[in-house]
Amino acid sequence: MPPWAPCVLITGASSGIGAACAQRFLAEGWTVAALARRTGPLELLAAAHPGRVLPLAADVTQVAGVRGAVERVRAWRQHSDLHAALDAVVHAAGDFLVAPMERTSAAEFERIWRLTVWAKFYLTRELLPLLWAPGPAPPRAVVHLASLAAHTDFPDETAYTSAMHGVLGLARAQDAELRARGIRVSVVSPGLVRTPLTERHFPAAALEHALPPGAIADSLFGLVRTIRAGGYIGEIFHTPGEAPRSAAPVLQKQ
Ligand SMILES: NC(=O)c1ccc[n+]([C@@H]2O[C@H](COP(=O)([O-])OP(=O)(O)OC[C@H]3O[C@@H](n4cnc5c(N)ncnc54)[C@H](OP(=O)(O)O)[C@@H]3O)[C@@H](O)[C@H]2O)c1
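Just so we're clear, the structure is a prediction, and the values are computed from it rather than from any experiment.

About the thresholds
- Residues numbered from 1 in each chain as written.
- Predicted model: local features only at pLDDT ≥ 70, side-chain atom pairs only at ≥ 80, totals over all residues.
- Heavy atoms only, no water.
- Near = heavy atom within 4 Å.
- Polar contact = N/O pair within 3.5 Å; in protein donor to acceptor, adjacent residues only side chain to side chain.
- Areas by Shrake-Rupley, 256 points an atom, 1.4 Å probe, with all protein chains shown as cover.
- 1 Å grid on protein atoms, 1.4 Å probe; cavity = no way out; pocket = protein on both sides within 12 Å on 5 of 7 lines; lining within 4 Å.
- Sits in = over half its atoms within 2 Å of the grid points.
- Helix = DSSP H or I, 4+ residues; strand = E, 2+ residues; numbered from the N terminus.
- Nonpolar A, V, L, I, M, F, W, Y, C, P; charged D, E, K, R; others polar.
- Points joined across faces, edges and corners; volume = space filled by probe spheres on them.
- Salt bridge = Lys/Arg side-chain N within 4 Å of Asp/Glu carboxyl O.
- Buried < 20%, exposed > 50% of the residue type's maximum accessible area, 1.4 Å probe, protein only.

In this section: the site of the ligand. Close to the ligand lie 32 residues, the nearest being S14, S15, R37, V193 and T195. One nitrogen or oxygen atom from the main chain of G12 is found 3.0 Å from an oxygen atom belonging to the ligand. Interatomic distance of 2.8 Å between a side-chain N/O atom of R38 and an oxygen atom of the ligand. Alone, the ligand offers 880 Å² of accessible surface; in the complex the protein occludes 94% of this. Among the detected pockets, the ligand sits in the largest pocket. Of all the secondary-structure elements, those providing two or more residues to the shell around the ligand are α1 (16-27), α5 (158-178) and α6 (196-201). For the shell around the ligand, the element with the most residues is α6, which contributes four residues. Tallied by class, the residues present in the shell around the ligand amount to 17 nonpolar, ten polar and five charged.

So this is what it looks like as structure tokens:
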């Protein structure tokens, strides 16, 4: 693989939306650092694309796991000394929790927030040295998977819905801080998508009109392409039965 091929790190790459994103970026000629806890699906992906995939077994909720993964990406990309080692990051690792408040333990609430918000903060922070570009380079893109839940008040989803609202705030704050340094941070907020996650939580009938994960990967790849071309979209909504649409721009401090 030529050292100038763009490189993306994707979390949650062993399943669902993250796995579809990995396939999409590979189809577009990118190299992929594919992160998840289960190694099996990542090794299969690497075997199918020799030299183009770095399988990264790590838990994004653990400091040591994140640091170890970042070190492995740094070593893998050490030849890329003329431009940023990483061109994009997609945070798709996540989980869902449906439970009324009185049955949501403090530990469960904390687990969902740690996976949904803290991991997006901490992994991005640790990756910053790999996202800096020493010379002229296209803007780098960081994309967080949020959810329609970030804009709704679904009952019995206090932990999940509040954490998804947190993802929007995190992305806005990160983008405000990093845009002057050539890094843009955006969000994709899907409605129902048919993945192993939703197949575990919803009856088959509820998923009849759910989006395929490849549709979210398309939106997400388009967002990264827009950012690399110098444009910016803060958030893309993608709900079943509707074309993807962008959110109103956020007021930006000069
Ligand atoms: N599916 C939907 O309808 C939908 C809609 C809106 C938003 N979303 C959001 O999109 C994201 C992806 O959802 P999905 O439906 O694709 O789920 P999924 O099929 O269950 O995939 C989740 C991925 O996250 C990884 N993961 C979970 N915990 C992790 C951890 N601690 N460390 C590292 N990796 C971890 C899993 O891999 P391992 O188990 O191998 O670690 C898996 O690859 C989630 O944040 C979800 O809330 C989904």
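Turning our attention to the layout of surface pockets. Empty space within the largest pocket amounts to approximately 1,000 Å³. A92, G94, D95, F96 and L197 are the residues nearest the centre of the largest pocket, which is lined by 42 residues in total. Contributions of two or more residues to the lining of the largest pocket are made by α1, β2 (31-36), α4 (106-131), α5 and α6. The class makeup of the residues in the lining of the largest pocket is 22 nonpolar, twelve polar and eight charged.

A separate point is the pattern of salt bridges. Side chains that differ in charge, positive against negative, can pair when their charged atoms come close. In the structure shown here, the tally under the stated rule is twelve salt bridges. Two residues, R74 and E71, come together in a salt bridge whose shortest N-O distance is 3.1 Å. Residue R74 and its partner E71 are both found in helix α3 (residues 63-76); the two are separated by three residues, about one turn of the helix. The partly exposed category is assigned to R74, whose relative accessible area is 33%. The class of E71 is partly exposed, set by a relative accessible area of 44%.

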